Amino acid sequence: RDEDFDQSYEGLMSLAATLGEVKTRATPDHVIAGLKTGFYKDWASDECDKRCPICLDDYKALDPVLKLNDCSHWLHKSCLEVLSISISLTGFHFLSSSLIH
């Protein structure tokens, strides 16, 4: 429960000693850089996604997209870059299991 969490300096130091070094779980930059890049029009088909799962905007023919490994999904390049920055700042884990195969 949140009300039981000790947010004092001493409580946080005790938590840090218990957890040890904490690293963010964001997808590494080299993994994102290794994704296939292209334009939506080059990969679009009848059964593919019609909108980005991050921003939820419909793809336009000349939108730069990144294709996820071993699946048929892709994302706006700029959305994944912004999300990756946000992840590394917050420590939030998203997409790593989809990207690393």
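Everything below is about the structure printed above this text.
Residues numbered from 1 in each chain as written. Predicted model: local features only at pLDDT ≥ 70, side-chain atom pairs only at ≥ 80, totals over all residues. Heavy atoms only, no water.

Engineer: What am I meant to see in the environment of Leu75 here?
Structural biologist: Structurally, Leu75 is set in strand 3 (residues 74–76). Using a relative accessible area of 2% as the deciding quantity, one classes Leu75 as buried. Note: C-alpha distance between Leu75 and Tyr59 (16 residues apart in sequence) is 9.2 Å. (Helix = DSSP H or I, 4+ residues; strand = E, 2+ residues; numbered from the N terminus. Buried < 20%, exposed > 50% of the residue type's maximum accessible area, 1.4 Å probe, protein only.)

Engineer: Quick question: what am I supposed to make of the environment of Val65 here?
Structural biologist: Within the fold, Val65 resides in strand 2 (residues 64–67). Given the relative accessible area of 0%, Val65 is considered buried. For the pair formed by Val65 and Ser78, sequence separation is 13 residues and the distance between their alpha carbons is 8.2 Å.

Engineer: How should the pattern of salt bridges be read in this particular structure?
Structural biologist: This model, assessed by the stated rule, comprises one salt bridge. Where Lys41 meets Asp42, a salt bridge forms, and the shortest distance between an N and an O atom there is 3.3 Å. Assessed through its relative accessible area of 47%, Lys41 is described here as partly exposed. (Salt bridge = Lys/Arg side-chain N within 4 Å of Asp/Glu carboxyl O.)

Engineer: Help me understand the nonpolar core in this model?
Structural biologist: Burial of nonpolar side chains together is a common tendency in soluble globular proteins. Of all hydrophobic cores here, the largest spans seven residues; its members are Tyr40, Cys48, Cys52, Tyr59, Val65, Trp74 and Cys79. Sequence-distant contacts of Tyr59, that is, excluding residues within four places in its chain, are made with Tyr40, Asp49, Lys50, Arg51, Cys52, Pro53, Val65, Trp74, Leu75 and His76. (Core = buried A, V, L, I, M, F, W, Y, C linked by side-chain atoms within 4.5 Å. Contact = heavy atoms within 4.5 Å.)

Engineer: Which parts of the structure should I look at to understand unusual backbone geometry?
Structural biologist: Among all residues save glycine, negative phi is the norm, and among peptide bonds the norm is trans. Phi at Leu56 takes a positive value of approximately 65°, unusual for a residue other than glycine. You can see Leu56 is positioned in the loop between helix 3 (40–43) and strand 2.

Fair warning: the whole summary comes from geometry, so function is off the table for now.
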